[in-house]
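Understanding the architecture of this molecule
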Amino acid sequence: MSPNIIEVNDVSVWFGDFNAVSDLSFSISEGSRVAILGRTGAGKSTLLNLLVGNLEPTSGTVRVAGHDPVRERRELQGLLSMAYQSPRLLPWRTARENVEVGMEILRVPKAERRERAEHWLRMVHLDNAGDRYPAQLSGGMRQRTSLARAFAIGPRLIFLDESFSALDEVTAKGLRADFVTMSEESSVSAVIVTHSIEEAFEIADRVLVFGRPARILGDFDAAEVRRKHGDNFLPFREHIHQMMVDAEKADAEAEAKSLVES
Amino acid sequence: MTTSTPVSTKEKPSSSAAGAPEKATSGNLLRAVKDKWALALVVAVILGLVQLSSMILPPFLFPGLGDIAMAVVDILANQKSDILITMARFVVSLVVAIAAGWIIGLVMGAFRSTVGALFTPLFSIMQAVPALSWVLLAVLWISDINIRIGFICFAISMPLIAIAVYEGIRNIDPEIVEAVDQFRPTKLQALRMLLIPQSVVYMIMSLRSTTAFTLRILVFAELIGAASGIGQRMQVAQTNFQLDMIFAWTFLLILVNFALVYLIDVAEKHLLAWRGEAVIR
Ligand SMILES: Nc1ncnc2c1ncn2[C@@H]1O[C@H](COP(=O)(O)OP(=O)(O)OP(=O)(O)O)[C@@H](O)[C@H]1O
Ligand SMILES: [Mg+2]
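Residues numbered from 1 in each chain as written. Chains lettered and ligands numbered in written order. Predicted model: local features only at pLDDT ≥ 70, side-chain atom pairs only at ≥ 80, totals over all residues. Heavy atoms only, no water.

Some thoughts on the overall build of chain A
- The helix and strand tally for chain A stands at nine helices and nine strands.
- A globule of 262 residues ought to have a C-alpha radius of gyration of about 18 Å, and chain A, at 19 Å, matches this closely.
- Viewed in the frame of its principal axes, chain A has a C-alpha envelope of about 65 × 45 × 35 Å.
- Within chain A, the proportion of its 262 residues that are buried is 51%. (Helix = DSSP H or I, 4+ residues; strand = E, 2+ residues; numbered from the N terminus. Rg over C-alpha atoms; globule rule 2.2 N^0.38 Å. Buried < 20%, exposed > 50% of the residue type's maximum accessible area, 1.4 Å probe, protein only.)

As structure tokens, this is what we get:
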């Protein structure tokens, strides 16, 4: 078996005549935390849909833990989980019962389920809120619950789709730190989709910068970037920003040119 | 109907229902009076009008409050069995209608494009049939009185419940469905975790109107061909010009309706506790 938990080879996605992903290839090794950084509409969510098996690529192949996520959907049960931009909790379940949802589906015995839910609630600092319903939790607490739900099944791979972007900066920072701790403790691989440059370089060990349509503009070792630019991040941030803007400009020009020609 | 309820930021949601700290009992009493003043006023005005009418009109057209009260006592002393029979018919037909409506609504929701598509127009037509038609047809079709009454109540209330449950399932938030679906549940697990709890909300909402409506129809159905029950008693009272009895039965039926609303409130408080306090007003 390959040591890569994710392999994406020459993948393109077309929605009608709209090109959302263009000839994308990359792999992610087991145990790493990779941020996918891109502007809105870059095709980040589309990529996640490919990886969790909600969408089949128009061409190319996707392998997650050695499986085709669409054709071998069942085989991936229990290996993947995801947290979204909004918490997406079941309103009629308490925080603890929400954390148990995945384990319930995987038929984890009741006592163990409960114990593991308590553990993950502790990890996200919600030890005292387990009996509350989502309507009785703050936005940040709900997002913590949804992170706990994703970790509770003990997945090999976790996806985050802009999971910190709806929170205020202080709350988000705290939760990002917790996320790093939790992923390291459970040695889970993670793909974190974000449009925040700071966030990407703060929590990942590798950052893939995406252009629009989805393709890789840059591939960074985040630890190295933190070492080199940690004291003075702004110029580097500006550099990444410019990279995305330039790519967009070049695309727009190329598109205009092809329109003129045709 | 399931628009997101405002977030309660209270630390201890189980404390006093109105949110304000508990005061002395006199304070609570005052609040109860304040809440119910409109009801009290309306009741007083109605009673006053009844009494006034009885003084103006001859007694065989309009009984006084005293006569009505006597009739109520008479009923409670001698005709309890009719009340019990009607209530038993009511409970049995409603339970059957709820069970069937719920299951049918769930199946409609699980197979929207086939079962859902077929039953929606069927139920629309059934709901358009006048209650009187159901009663008249049932009298001709079904000779057993209890089955006949059950059939009428079923035909009228079951579609209301099925449609409400179906509606609830169609309104389920697709984002939440996706969040559960990521764990790859079986159909049965999805039913248990998503569809059933979601349908409970709409179910209870629909019960508010369905129960009262069903009781009215049931009494109406007992009017024709029944040998017992509140409707039959009212019919006897009508043939004998016992207006006090008609008023007394009406009074009792109003009480039963209020009791039903109260029961649904209690059920709602328990089953929909997760919605926070918005729903309990
Ligand atoms: N099902 C679809 N049909 C047609 N177009 C789609 C579909 N899904 C996505 N797109 C388009 O593909 C592009 C990429 O969408 P995607 O949601 O992947 O972007 P994103 O990078 O996640 O953006 P954001 O940061 O705003 O979430 C967008 O232009 C979007 O309009
Ligand atoms: Mg997105």
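Re the pattern of salt bridges
All names here are of chain A.
- Evaluation of the coordinates by the stated rule reveals 32 salt bridges over all chains.
- Here Glu199 makes a salt bridge to Arg176, at a shortest N to O gap of 3.2 Å. Of the two residues, Glu199 is situated in helix 7 (residues 197-203) and Arg176 in helix 6 (residues 169-185); the sequence distance between them amounts to 23 residues.
- A relative accessible area of 3% means that Glu199 is categorised as buried.
- Ionic contacts of the salt-bridge type, sharing partners, join the residues Glu169, Lys173, Arg176, Glu199 and Glu202 into one network. (Salt bridge = Lys/Arg side-chain N within 4 Å of Asp/Glu carboxyl O.)

Some details on the sheet that holds strand 2 (residues 18-29) of chain A
Residue and element names in this part refer to chain A.
- On the basis of which strands lie adjacent, the open sheet formed by three strands has the order 2-1-4 and antiparallel pairing. Single-partner strands in this sheet number two, and they are strand 2 and strand 4 (59-64). Here the strands of the sheet are splayed against their neighbours by 20° on average, with no regard to which way each runs.
- With five bridges connecting them, strand 1 (residues 4-15) and strand 4 associate as antiparallel partners. Within strand 4, the position partnered with Glu7 by the bridge is Arg63.
- Packing against the sheet, helix 1 (residues 44-52) makes contact with strand 1, strand 2 and strand 4, and its axis sits at approximately 120° to strand 1. (Pairing = 2+ DSSP bridges. Axes fitted to C-alpha atoms, helices over the stretch in contact; angles between N-to-C directions. Contact = heavy atoms within 4.5 Å.)

Quick look at the pairing of strand 5 (residues 80-83) of chain A
Residues and elements named next belong to chain A.
- Of the two faces of strand 5, both are covered, the one formed by Leu80 and Met82 as well as the one formed by Ser81 and Ala83.
- Sheet topology places strand 5 next to strand 6 (residues 157-161); four bridges connect them, and they run parallel. What sits directly across from Ala83, in strand 6, is Leu160.

As for the interface of chain B and chain A
- Every contact between the two is made by 24 residues of chain B and, on the other side, 31 residues of chain A.
- Three residues, Phe183, Arg184 and Trp274 of chain B, lead the burial of chain B against chain A; their summed loss comes to 33% of the area buried on that side.
- At the junction of chain B and chain A, the tally comes to four salt bridges.
- With a closest N to O distance of 3.3 Å, Arg192 of chain B and Glu104 of chain A form a salt bridge.
- Our count for the chain B to chain A interface comes out at twelve residue pairs in polar contact (both at pLDDT 80 or more).
- For the side of chain B that touches chain A, the secondary-structure elements that each account for two or more residues are helix 7 (174-181) and helix 8 (187-222) of chain B.
- The residue makeup of the side of chain B that touches chain A, split by class, is eleven nonpolar, six polar and seven charged. (Buried area = accessible area lost by both parts, 1.4 Å probe. Polar contact = N/O pair within 3.5 Å; in protein donor to acceptor, adjacent residues only side chain to side chain. Nonpolar A, V, L, I, M, F, W, Y, C, P; charged D, E, K, R; others polar.)

Focus on the packing of aromatic side chains
- Taken as a whole and assessed by the stated rule, the structure comprises 14 aromatic pairs over all chains.
- Measuring from ring centre to ring centre gives 6.2 Å for Phe164 of chain A and Phe179 of chain A, while their planes differ by 65°; the resulting arrangement is edge-to-face. Residue Phe164 of chain A is found in the loop between strand 6 and helix 6, and its partner Phe179 of chain A is found in helix 6; the two are separated by 15 residues along the sequence.
- On the basis of relative accessible area, Phe179 of chain A is assigned to the buried category, the value being 0%.
- Joined through ring pairs, the aromatic side chains of Trp120, Phe151, Phe164 and Phe179 of chain A make up one cluster.
- Positioned above the aromatic ring of Tyr84 of chain A, the side-chain terminus of Arg88 of chain A is 3.9 Å from the ring centre.
- Positioned above the aromatic ring of Phe111 of chain B, the side-chain terminus of Lys187 of chain B is 5.7 Å from the ring centre. (Phe/Tyr/Trp six-rings, centres within 6.5 Å; stacked < 30°, edge-to-face > 60°. Lys NZ or Arg CZ within 6 Å of the ring centre and 35° of its normal.)

Notes on the site of ligand 1
Residues and elements named next belong to chain A.
- Around ligand 1, a shell composed of Phe15, Phe18, Ala20, Arg39, Thr40, Gly41, Ala42, Gly43, Lys44, Ser45, Thr46 and Glu162 is seen.
- One of the backbone nitrogen or oxygen atoms of Ala42 is found 3.1 Å away from an oxygen atom of ligand 1.
- One of the side-chain nitrogen or oxygen atoms of Glu162 is found 3.3 Å away from an oxygen atom of ligand 1.
- A total of 630 Å² of accessible area belongs to ligand 1 in isolation, and the protein chains cover 57% of it.
- Of all the secondary-structure elements, those providing two or more residues to the shell around ligand 1 are strand 2 and helix 1.
- It is helix 1 that contributes the most residues to the shell around ligand 1, three residues altogether. (Near = heavy atom within 4 Å. Areas by Shrake-Rupley, 256 points an atom, 1.4 Å probe, with all protein chains shown as cover.)

Looking at the side chain of Ser54 of chain B
All names here are of chain B.
- Among the structural elements, Ser54 can be located in helix 1 (residues 25-56).
- What makes Ser54 buried here is its relative accessible area of 14%.
- Ignoring sequence-local partners within four residues, the contact set of Ser54 consists of Phe62, Pro63 and Gly64.

Topic: unusual backbone geometry
- A cis geometry characterises the amide bond from Arg212 of chain A onward to Pro213 of chain A, with omega recorded as -5°.
- One can find Pro213 of chain A in the loop between strand 8 (206-211) and strand 9 (215-221).
- We note that Asp23 of chain A has phi near 45°; this positive angle belongs to a residue other than glycine.
- Although it is not a glycine, Arg184 of chain B sits at a positive phi angle of roughly 55°.

Some details on the packing of helix 3 (residues 80-110) of chain B against helix 6 (residues 145-170) of chain B
Residues and elements named next belong to chain B.
- For the pair helix 3 and helix 6, the least separation of the axes is 6 Å and the interaxial angle reads 35°. Like other packed secondary-structure pairs, helix 3 and helix 6 cross with a definite hand, here right-handed.
- Grouping the constituent residues of the contact of helix 3 with helix 6 by class yields 19 nonpolar, seven polar and one charged. (Left-handed = near helix turned anticlockwise from the far one by under 90°.)

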